[in-house]
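Listed below are the residues making up each chain.
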Amino acid sequence: MPLSNAELWAAALGYVLPLAIAFVNQPRWVSWVKGTLMLVVATGDGLGTAYFGDQFHGKPIVTCVLTAAIAIGVAYHTVWKPSGIAPALERATSPGGPRHAVEPGA
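Quick caveat: nothing in here was measured; it's all calculated off a predicted structure.

Draft legend 1. Fine view of the overall build of the protein chain. Broken down by element type, the protein chain carries 4 helices and 0 strands. With respect to the three principal axes, the spread of C-alpha positions in the protein chain is 60 × 20 × 20 Å. By the burial criterion, 31% of the 106 residues in the protein chain qualify as buried. In the protein chain, once contacts between residues fewer than 6 apart in sequence are set aside, the share between residues at least 24 apart is 66%. Just so you have it, the protein chain exposes about 6,600 Å², and 71% of that area is on carbon and sulfur atoms. Each charge sign in the protein chain was given a centre, from 6 positive and 5 negative side chains, and these centres are 12 Å apart.

Take a look at the structure:
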């Protein structure tokens, strides 16, 4: 069964949304808070793409949300986290500024 245009848009946005999530996430937050934020963003992505794709009814809404959640999770764990980009954004945008692995003068 081919994906609809709304589902493809949800997946495409889900690929880049981990970077936006990293701006909000803080390194000191527990993992369930970070996961909840990801699910909220995936829900917004899925609802938005279903609405603007003229498929805002029943099953297409659910599939858009699930497609977005999967795309965000896969992109984060296979591209943005291993590259160090998402964790660096989290550190750079957290209160107190960037934290380095080695403190200066240590």
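Draft legend 2. Highlighting the packing of aromatic side chains. Counted by the stated rule, this structure contains 3 aromatic pairs. On the basis of an interplanar angle of 55° and a centroid distance of 5.8 Å, the ring pair of tyrosine 15 and tryptophan 80 is categorised as tilted. Within this pair, whereas tyrosine 15 is found in helix 1 (residues 5-24), its partner tryptophan 80 is found in helix 3 (residues 59-83), the two being separated by 65 residues in sequence. Residue tyrosine 15 is classed as partly exposed on the basis of its relative accessible area of 40%. Ring geometry for tyrosine 51 and phenylalanine 52: centres 5.2 Å apart, planes at 80°, overall edge-to-face. Assessed through its relative accessible area of 53%, tyrosine 51 is described here as exposed.

Draft legend 3. The arrangement of the packing of helix 3 against helix 4 (residues 85-92) in detail. Where helix 3 contacts helix 4, the two axes come as close as 4 Å, and the packing angle between them is 60°. When the axes of helix 3 and helix 4 are compared, the pair comes out oblique. Counting all contacts with helix 3, which are made through Tyr76, Trp80, Lys81 and Ser83, the residues of helix 4 involved are Ile85, Ala86, Pro87 and Glu90. Each residue belonging to the contact of helix 3 with helix 4 can be placed in one class, and the counts come to 5 nonpolar, 1 polar and 2 charged.

Parameters and conventions
- Residues numbered from 1 in each chain as written.
- Predicted model: local features only at pLDDT ≥ 70, side-chain atom pairs only at ≥ 80, totals over all residues.
- Heavy atoms only, no water.
- Helix = DSSP H or I, 4+ residues; strand = E, 2+ residues; numbered from the N terminus.
- Buried < 20%, exposed > 50% of the residue type's maximum accessible area, 1.4 Å probe, protein only.
- Contact = heavy atoms within 4.5 Å.
- Areas by Shrake-Rupley, 256 points an atom, 1.4 Å probe, with all protein chains shown as cover.
- Lys, Arg positive; Asp, Glu negative; His and termini not counted.
- Charge placed at Lys NZ, Arg CZ, Asp CG, Glu CD.
- Phe/Tyr/Trp six-rings, centres within 6.5 Å; stacked < 30°, edge-to-face > 60°.
- Axes fitted to C-alpha atoms, helices over the stretch in contact; angles between N-to-C directions.
- Parallel < 35°, antiparallel > 145°, perpendicular 65-115°, else oblique.
- Nonpolar A, V, L, I, M, F, W, Y, C, P; charged D, E, K, R; others polar.

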